[in-house]
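# Descriptive structure summary
Next come the chains, spelled out residue by residue.
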Amino acid sequence: MISPVIPAPGDVYITLLGRSTWALVNAYHAVLREKGLRPERVSIVTEKPYSVNASTAVEAIRIISEGYGFAPAIEVEVLPEADFVRAGQTIRSLAADFIRQGFRVAIDITSGRKVTVAGALIAVSLAGLDIRHIYYLAMGSVDDVAKPYMMIPHQIQRIRDIMEDAGARS
């Protein structure tokens, strides 16, 4: 008897929403276009004051994903403002749960506020989690960048994968 083939789960994209929805959306678009990621699931983690923009971010991710021919499940996690410990616990827990389910985890820190980014990166590092990618959309200038990714000159923006960069130097 042949066992049924169970497809392995794919990628999960955890993104941090801070003050700039455009930063989150453009980083996501850059990751799809430049890195070829096609996440099955997207988790948007934001702090309470910025959660008013979460529905806009969800809709933008949905539209951009459809443009690339797929439709990820999208969820939003809302954290208290400036709670370093809670941010770390939440993101560590999300990432650990996804990894246990067989997903490859990518975290995008582009739009996250420092307290959330620091909490997230310290927590996943201390937990020894196998985070495959940590993305950051680097901008050579912040003038006139609150617009769609494809309208920003490509010479002033570069999607970076901190995990790739760190591996290239070790």
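Residues numbered from 1 in each chain as written. Predicted model: local features only at pLDDT ≥ 70, side-chain atom pairs only at ≥ 80, totals over all residues. Heavy atoms only, no water.

## Here's the deal with the overall build of the protein chain
The cut-off we apply is this: Helix numbering and strand numbering both begin at the N terminus, where a helix is a DSSP run of H or I of at least 4 residues and a strand a DSSP run of E of at least 2. Partly exposed residues are those whose accessible area sits between 20% and 50% of the maximum for their type, while under 20% is buried and over 50% is exposed, using a 1.4 Å probe and protein chains only. We call two residues contacting when some pair of their heavy atoms lies within 4.5 Å.
Helices and strands together make up the secondary structure of the protein chain, namely five helices and six strands. If you list the helices and strands of the protein chain from N to C, you get β-α-β-α-β-α-β-α-β-β-α. Counting over 170 residues, the protein chain shows a buried share of 45%. Within the protein chain, contacts between residues at least 6 apart in sequence are counted, and of these 80% link residues at least 24 apart.

## Looking at the sheet that holds strand E3 (residues 73–79)
Rules: Here the rule is simple: two strands pair whenever DSSP picks up at least two bridges between them. Here, axes are lines fitted to C-alpha atoms. For helices the fit covers the stretch in contact, and angles between N-to-C directions go from 0 to 180 degrees.
Reading across from one edge, E3-E2-E1-E4-E5-E6 is the order of the six strands in this open sheet, with mixed pairing throughout. What marks the edges here is a single partner per strand, and that holds for E3 and strand E6 (157–161). On average, adjacent strands in this sheet sit at an angle of 20° to one another, irrespective of strand direction. Contacts between helix H2 (residues 54–67) and the sheet are confined to strand E1 (11–17), strand E2 (41–47) and E3, with E3 contributing the most and set at about 160° to the helix.

## Re the nonpolar core
Worth spelling out the cut-off: Remark: nonpolar core denotes a set of buried residues (Ala, Val, Leu, Ile, Met, Phe, Trp, Tyr, Cys) joined through side-chain atoms within 4.5 Å.
Of all hydrophobic cores here, the largest spans 25 residues; its most connected members are Tyr13, Leu24, Tyr28, Val42, Ile44, Ile61 and Tyr135. Elements that contribute at least two residues to this core include exactly E1, helix H1 (21–35), E2, H2 and strand E5 (131–139). A total of seven residues in this core trace back to one element, the largest contributor, which is H1. Discounting chain neighbours no more than four positions away, the residues touching Val42 are Tyr13, Thr15, Tyr28, Ile61, Pro72, Ala73, Ile74 and Glu75. The next biggest cluster of nonpolar side chains, apart from the first, holds 19 residues, and it includes Val105, Ile107, Ile131 and Ile134.

## A closer look at unusual backbone geometry
Most of the time, phi is negative for any residue but glycine, and the peptide bond is trans. For Ala82, which is not glycine, the phi dihedral falls at a positive 55°. Position of Ala82 among the secondary structure elements: in the loop between E3 and helix H3 (84–100). Classification of Ala82 by relative accessible area gives partly exposed; the value is 46%.

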